[in-house]
Amino acid sequence: MRWAALGVVYVVWGSTYVGIKFSIETMPPLLSAGTRFLAAGLVLALVLGLGRRLRMTWPQFRTAALLGLLLPACGNGLVVVAEQSVPSGLAALLVASLPLYVVLFRRIGGERPPRVTYVGVVVGLVGLAVLLLHDVGGSSWWGPWVVLLAAFSWAFGSYLNGRLPTADPFAMSAVEMLVGGGVMSVVGLVAGERFTVSEVSTTSWLAWGYLVVFGSLLAFSSYAYALGQLPVSTVATYAYVNPVIAVLLGVWLAGEHFSAWQLGGGLLVVVAVVLVVRAERKCRTEVGVSELCRR
């Protein structure tokens, strides 16, 4: 189940970058993202409420609210803002810096990940560098930096997830999406964004609906579940796979460019995923949570 959840995150979130690009063609960025998470959060909360699973203590609610700010609001919201000028494929490639942040946080927290984890991160970054040296399209000077800030926020939230009081992962997801969606909607309104239904194209509506059902309800909930079942470094490897899917879909659906160099970089990214996942699984299954993983 946990590996199936991670598989959903691998595949579906790779497609959301293109979905975001299409949704903000005729929708304001923050309001499109905010209403997307609000809609998904309300549906999930309703389902959980009917099953009496939407229960948590005050400390657990504070954790969910904090993660809602770090993950949907900052992590996703900043990417949506950046995609106004950054190609969807490039945005996904920049988010691939996430595992580097996670390893940095683990080191600061006193952990010592297996050496192969570091090798995997390095290989992934080399693949990222190859991809970035052959940009998939022009972007503004500020766009890529905003995406990197989004990756930092998402990595920090993922790191904190296993170190703060948590409840049922789906209940946590519902609160996180509601908080994140609410924050983005309020910020969008304060920034002057307005949502005119008649001006939204059919393509944007379809993309928005896809992001609600698959990107938020399915994939975000799967991500929350995977974080509770797998090492954060293993879950973070989705940032290596998503760019490959995003670039391919960007070429196919959005007319973005893809070269043989990018194919090589994508293959390095896949190798990095294999290295990190194998290292973390070996650390947990062969020696448990050993001193090597703790220190």
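Residues numbered from 1 in each chain as written. Predicted model: local features only at pLDDT ≥ 70, side-chain atom pairs only at ≥ 80, totals over all residues. Heavy atoms only, no water.

With respect to the packing of aromatic side chains
Geometry of an aromatic ring pair is reported as the spacing of the ring centres plus the angle between the planes.
Argument step 1. What the rule picks out here adds up to 17 aromatic pairs.
Argument step 2. On the basis of an interplanar angle of 15 degrees and a centroid distance of 6.2 Å, the ring pair of Phe 170 and Tyr 225 is categorised as stacked. Of this pair, Phe 170 sits in helix α8 (residues 169-190) while Tyr 225 sits in helix α9 (residues 202-229); the two residues are 55 residues apart in sequence, bridging distant segments of the chain.
Argument step 3. When its relative accessible area of 24% is taken as the criterion, Phe 170 is described as partly exposed.
Argument step 4. A network of ring pairs unites the aromatic residues Trp 13, Phe 37, Trp 154, Phe 220, Tyr 223 and Tyr 238 as a single cluster. (Phe/Tyr/Trp six-rings, centres within 6.5 Å; stacked < 30°, edge-to-face > 60°. Helix = DSSP H or I, 4+ residues; strand = E, 2+ residues; numbered from the N terminus. Buried < 20%, exposed > 50% of the residue type's maximum accessible area, 1.4 Å probe, protein only.)

Observations concerning the side chain of Ser 23
Argument step 1. Structurally, the position occupied by Ser 23 is in helix α1 (residues 2-23).
Argument step 2. Residue Ser 23 is classed as buried on the basis of its relative accessible area, which comes to 2%.

With respect to the nonpolar core
Argument step 1. Trp 13, Leu 98, Trp 154, Tyr 223 and Tyr 238 are the most contacted members of the largest nonpolar core, which totals 67 residues.
Argument step 2. Take this core: its biggest share by element is 9 residues, from α9.
Argument step 3. The residues contacting Trp 13, other than those within four sequence positions of it, are Val 8, Trp 154, Gly 215, Ala 219, Phe 220, Tyr 223, Tyr 238 and Asn 242.
Argument step 4. Within the second largest apolar cluster, 13 residues are counted, among which are Tyr 17, Val 79, Ala 82 and Ala 246. (Core = buried A, V, L, I, M, F, W, Y, C linked by side-chain atoms within 4.5 Å. Contact = heavy atoms within 4.5 Å.)

So, empty space enclosed by the protein
Argument step 1. Counted according to the given criterion, the structure contains 2 cavities of 30 Å³ or more.
Argument step 2. Its volume calculated, the largest cavity comes out at about 190 Å³.
Argument step 3. Lining the largest cavity are 15 residues, with Tyr 17, Gly 75, Asn 76, Trp 154 and Tyr 238 sitting closest to its centre.
Argument step 4. Those elements giving two or more residues to the lining of the largest cavity turn out to be α1, α3 (58-82), α7 (143-161) and α11 (238-254).
Argument step 5. The element best represented in the lining of the largest cavity is α1, accounting for 4 residues.
Argument step 6. Residue classes in the lining of the largest cavity are distributed as 10 nonpolar, 4 polar and 1 charged.
Argument step 7. Taken as a whole, the second largest cavity spans an internal volume of roughly 30 Å³. (1 Å grid on protein atoms, 1.4 Å probe; cavity = no way out; pocket = protein on both sides within 12 Å on 5 of 7 lines; lining within 4 Å. Points joined across faces, edges and corners; volume = space filled by probe spheres on them. Nonpolar A, V, L, I, M, F, W, Y, C, P; charged D, E, K, R; others polar.)

So, the confidence of the model for the protein
Argument step 1. The predicted model of the protein averages 84 in pLDDT, with 91% of residues at 70 or higher.
Argument step 2. Contacts from residues 287-295, a stretch scored under 50 in pLDDT, to residues over four places away or in other chains number 15 contacts. (pLDDT = per-residue confidence, 0-100.)

Describing α7
Argument step 1. With 19 residues, α7 should cover 27 Å at 1.5 Å per step; its first-to-last C-alpha distance of 27 Å lies within 8% of that length.
Argument step 2. Buried residues dominate α7, accounting for 14 of its 19 residues. (Expected span 1.5 Å × (residues − 1).)

Digging into the packing of helix α4 (residues 88-95) against α11
Argument step 1. For the pair α4 and α11, the least separation of the axes is 8 Å and the interaxial angle reads 170 degrees. Classified by the angle between their axes, α4 and α11 sit roughly antiparallel to one another. Residues Ser 88, Gly 89, Ala 92, Leu 93 and Val 95 of α4 form the contact with α11, whose own contacting residues are Ala 239, Asn 242, Pro 243, Ala 246, Val 247 and Gly 250.
Argument step 2. Of the residues that constitute the contact of α4 with α11, the class distribution is 7 nonpolar, 4 polar and no charged. (Axes fitted to C-alpha atoms, helices over the stretch in contact; angles between N-to-C directions. Parallel < 35°, antiparallel > 145°, perpendicular 65-115°, else oblique.)

Topic: the side chain of Asn 76
Argument step 1. Along the polypeptide, Asn 76 turns up in helix α3.
Argument step 2. Excluding anything up to four places from it in sequence, Asn 76 contacts Ile 20, Ala 33, Arg 36, Phe 37, Leu 71 and Trp 154.

Digging into the environment of Leu 50
Argument step 1. For Leu 50, the position within the fold is in helix α2 (residues 29-50).
Argument step 2. According to the relative accessible area criterion, Leu 50 is exposed, its value standing at 70%.
Argument step 3. Separated by 118 residues in the primary sequence, Leu 50 and Asp 168 place their C-alpha atoms 15 Å from one another.

A word on α1
Argument step 1. Relative to the 32 Å expected for 22 residues at 1.5 Å per residue, α1 spans 30 Å between its end C-alpha atoms, a close match to the ideal helical length.
Argument step 2. For α1, the principal kink sits at Tyr 17 and spans about 30 degrees. (Bend = angle between axes of the 7 residues up to and from the residue.)

Description of the packing of α2 against α9
Axes are the key here: two packed helices are described by the angle between their axes and the distance separating the axes.
Argument step 1. The N-to-C vectors of α2 and α9 enclose an angle of 55 degrees; their axes lie 9 Å apart at closest approach. Compared by their axis directions, α2 and α9 come out oblique. Crossing of α2 against α9: the hand is right-handed. Along its contact with α2, which presents Ser 32, Thr 35, Arg 36, Phe 37, Ala 39, Ala 40, Val 43 and Leu 44, the element α9 presents Trp 208, Leu 211, Val 212, Gly 215, Ser 216, Leu 217, Phe 220 and Ser 221. (Left-handed = near helix turned anticlockwise from the far one by under 90°.)

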